[in-house]
2 protein chains.
Amino acid sequence: MQIAEPLLIAIEELSKLPGIGKKTAQRLALYILKSEQDSVDRLVKSISDLKLKLHFCSRCFNLTEEDLCEICKSVKRDTSKICVVEEASDVIAIEKSNEYFGLYHVLGGVLSPLSGITANDLKIKELLLRFEKENISEVILALNPDTEGETTSLYLARLIKPLNVKVTRIARGIPIGGDLEFADEATIGRAMVNRIDL
Amino acid sequence: MQIAEPLLIAIEELSKLPGIGKKTAQRLALYILKSEQDSVDRLVKSISDLKLKLHFCSRCFNLTEEDLCEICKSVKRDTSKICVVEEASDVIAIEKSNEYFGLYHVLGGVLSPLSGITANDLKIKELLLRFEKENISEVILALNPDTEGETTSLYLARLIKPLNVKVTRIARGIPIGGDLEFADEATIGRAMVNRIDL
């Protein structure tokens, strides 16, 4: 095999990205090679800038360029509600739904004893501190509906309830546009138990 | 929507890559954000180096860091054969097969009147010049089996044959591991016409 060294290295590095295999990495590398210098420069700068310019909001740990993120700074948000999520990408997903106008708190993961992630590795202490400083009436837990997400939700609920704050969790059920026939039993079961009056 | 500017820009730039949509670009950007500074630096450098270090071999237009590519420089190759391909990625693909040990010539595309690509945009003149300087006995056309590839093959064959050089084309047929049932009619038809004695 006679692939030039810089191409090999680029394929190697690109294939470390999630969901990018060797073949895709090769296609990307060859595409970049054929691109204008300008657009390669823009791509490279945008990647460097990510780590350089972005850091975590000092209040909610969402991504921001400044001390406080756009959401924490906004005067239009309902500051009595905190939605707890695992990652900054979840904030983006919830914001896209246009149904929530409160604040957020990004945990930075979920409790996972098997991976050695304990309460100290997450922004749980920081969340509890917010109840002292801010006037919060409701916490909405929006962690992923897997075992670790559920465990973390229960753990948080037990910590927060004694503080006289309402704790809710986003609903689980059949996805909009989904098909009953193809939904798994656990989801259908949960949707049945959590049925609501019409 | 309250996505931080640097993240938006990175998503925008990453989604310009082939096969990368907005959602994948967002996943990649957030993954890069969570990566160590070291590995982000390596990724960025490998992308920059592609354009910086690689250019085209002065003889066959394959990718190389030097004047001549590894294949042109090698003393182990059969210098009486030239395999004509569209892109440098095709050289990699053919090399992986371990069945060809001659030289290459990368055209840089195929004739495509609709996209305004004429013979002058391809390295055809350079290919013809090689027959004067080098002692070539066979040209193997390995262009993609689509309309433009076929047209370009016929065009090249007509130019090369008068120079007393044998012109061949790689076989079309049922792919190894493929299934007759799922092969298209054109491929089966071609495989039937080009059947060989056993």
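**Student:** Sorry if this is basic, but what is going on with the sheet that holds strand 4 (residues 102-106) of chain B here?
**Tutor:** Backbone-to-backbone hydrogen bonds join strands into a sheet, with any given pair of strands oriented parallel or antiparallel. Residues and elements named next belong to chain B. One open sheet holds the four strands; their spatial order is 4-3-5-6, and the pairing between them is parallel. One side of each edge strand has no neighbouring strand; the edge strands of this open sheet are strand 4 and strand 6 (166-169). Taken over all neighbouring pairs, the strand axes of this sheet differ in orientation by 25° on average, direction set aside. For strand 5 (residues 138-141) and strand 6, the ladder comprises four bridges, and the chain directions are parallel.

**Student:** It is not clear to me how the relation of the copies chain B and chain A should be interpreted in this structure. Could you clarify?
**Tutor:** The operation relating the two chain copies consists of a rotation about an axis and a shift along that axis. Laying chain B over chain A is done by rotating through 180° and shifting 0.0 Å along the axis; what remains is an RMSD of 0.0 Å. With respect to symmetry, the two chain copies, as superposed, fit the operation of a two-fold axis. In terms of C-alpha distance to the rotation axis, chain B has B:Val44 as its closest residue, with the C-alpha 2.9 Å off the axis. Looking at chain B, 98% of its interface residues are interface residues in chain A too, so the copies touch through the same face.

**Student:** Even after reading the chapter, I still don't get the packing of aromatic side chains, so can you show me in this structure?
**Tutor:** Here the distance between the centres and the angle between the planes together describe a pair of aromatic rings. All names here are of chain B. On inspection of all chains with the given rule, the structure shows two aromatic pairs over all chains. For the ring pair Tyr100 and Tyr104, a centre distance of 5.3 Å and an interplane angle of 70° mean the geometry is edge-to-face. As far as the burial class goes, Tyr100 and Tyr104 line up, both buried.

**Student:** Would you mind going over the packing of helix 3 (residues 37-53) of chain A against helix 1 (residues 5-14) of chain B with me for this structure?
**Tutor:** Helix-helix packing is characterised by the crossing angle of the two axes and by the distance between the axes. For the pair helix 3 of chain A and helix 1 of chain B, interaxial distance at closest approach is 9 Å and the crossing angle is 145°. Crossing hand, helix 3 of chain A versus helix 1 of chain B: left-handed. Counting all contacts with helix 3 of chain A, which are made through A:Ser39, A:Arg42, A:Leu43, A:Ser46, A:Ile47, A:Asp49, A:Leu50 and A:Lys53, the residues of helix 1 of chain B involved are B:Pro6, B:Leu7, B:Ile9, B:Ala10, B:Glu13 and B:Leu14. Within the contact of helix 3 of chain A with helix 1 of chain B, the residues separate by chemical class into eight nonpolar, two polar and four charged.

**Student:** What exactly am I supposed to notice about the domain arrangement of chain A here?
**Tutor:** One frequent convention defines the size of an interface as the accessible area lost when the parts assemble. Taken domain by domain, chain A consists of domain 1 (5-53) and domain 2 (74-169). Between the C-alpha centres of domain 1 of chain A and domain 2 of chain A the distance comes to 35 Å.

**Student:** Would you take a moment to explain the side chain of B:Glu13 for this structure?
**Tutor:** Take B:Glu13: it is sitting in helix 1. With residues up to four places along the chain from it excluded, the contact list for B:Glu13 reads A:Ser39, A:Arg42, A:Leu43 and A:Ser46.

**Student:** What am I meant to see in helix 2 (residues 22-34) of chain B here?
**Tutor:** Given 3.6 residues per turn, any residue in an α-helix points the same way as the ones three and four places further on. Here helix 2 of chain B is 13 residues long and its end C-alpha atoms lie 18 Å apart, about the 18 Å a rise of 1.5 Å per residue gives. The set of residues buried in helix 2 of chain B consists of B:Ala25, B:Gln26, B:Leu28, B:Ala29, B:Leu30, B:Ile32 and B:Leu33. Where helix 2 of chain B is buried, its residues touch helix 3, strand 2 (63-64) and helix 5 (88-97) of chain A together with helix 1 and helix 3 (37-53) of chain B.

**Student:** How should the environment of B:Ser74 be read in this particular structure?
**Tutor:** Residue and element names in this part refer to chain B. For Ser74, the position within the fold is in the loop between helix 4 (70-73) and strand 3 (78-85). For the pair formed by Ser74 and Leu103, sequence separation is 29 residues and the distance between their alpha carbons is 9.5 Å. From its side chain, Ser74 meets the backbone nitrogen of Lys76 in a polar contact 3.0 Å long.

**Student:** Got a minute to help me understand the interface of chain B and chain A in this structure?
**Tutor:** On the side of chain A, 50 residues touch chain B, which itself brings 51 residues to the contact. Between chain B and chain A lies a buried interface of about 4,900 Å² when both sides are counted; carbon and sulfur atoms form 73% of it. At the boundary of chain B and chain A, one finds four salt bridges. Counting the contacts that link chain B with chain A gives ten residue pairs in polar contact (both at pLDDT 80 or more). When contributions to the side of chain B that touches chain A are tallied by element, the ones reaching two or more residues are helix 1, helix 2, helix 3, strand 2 (63-64), helix 4 and helix 5 (88-97) of chain B. With 13 residues, helix 3 of chain B is the largest single contributor of residues to the side of chain B that touches chain A. Partitioned by chemical class, the residues of the side of chain B that touches chain A number 26 nonpolar, nine polar and 16 charged.

Conventions and cut-offs
- Residues numbered from 1 in each chain as written.
- Chains lettered and ligands numbered in written order.
- Predicted model: local features only at pLDDT ≥ 70, side-chain atom pairs only at ≥ 80, totals over all residues.
- Heavy atoms only, no water.
- Pairing = 2+ DSSP bridges.
- Helix = DSSP H or I, 4+ residues; strand = E, 2+ residues; numbered from the N terminus.
- Axes fitted to C-alpha atoms, helices over the stretch in contact; angles between N-to-C directions.
- Least-squares fit on C-alpha atoms with pLDDT ≥ 70 in both.
- Contact = heavy atoms within 4.5 Å.
- Phe/Tyr/Trp six-rings, centres within 6.5 Å; stacked < 30°, edge-to-face > 60°.
- Buried < 20%, exposed > 50% of the residue type's maximum accessible area, 1.4 Å probe, protein only.
- Left-handed = near helix turned anticlockwise from the far one by under 90°.
- Nonpolar A, V, L, I, M, F, W, Y, C, P; charged D, E, K, R; others polar.
- Domains from an automatic or database assignment.
- Expected span 1.5 Å × (residues − 1).
- Polar contact = N/O pair within 3.5 Å; in protein donor to acceptor, adjacent residues only side chain to side chain.
- Buried area = accessible area lost by both parts, 1.4 Å probe.
- Salt bridge = Lys/Arg side-chain N within 4 Å of Asp/Glu carboxyl O.

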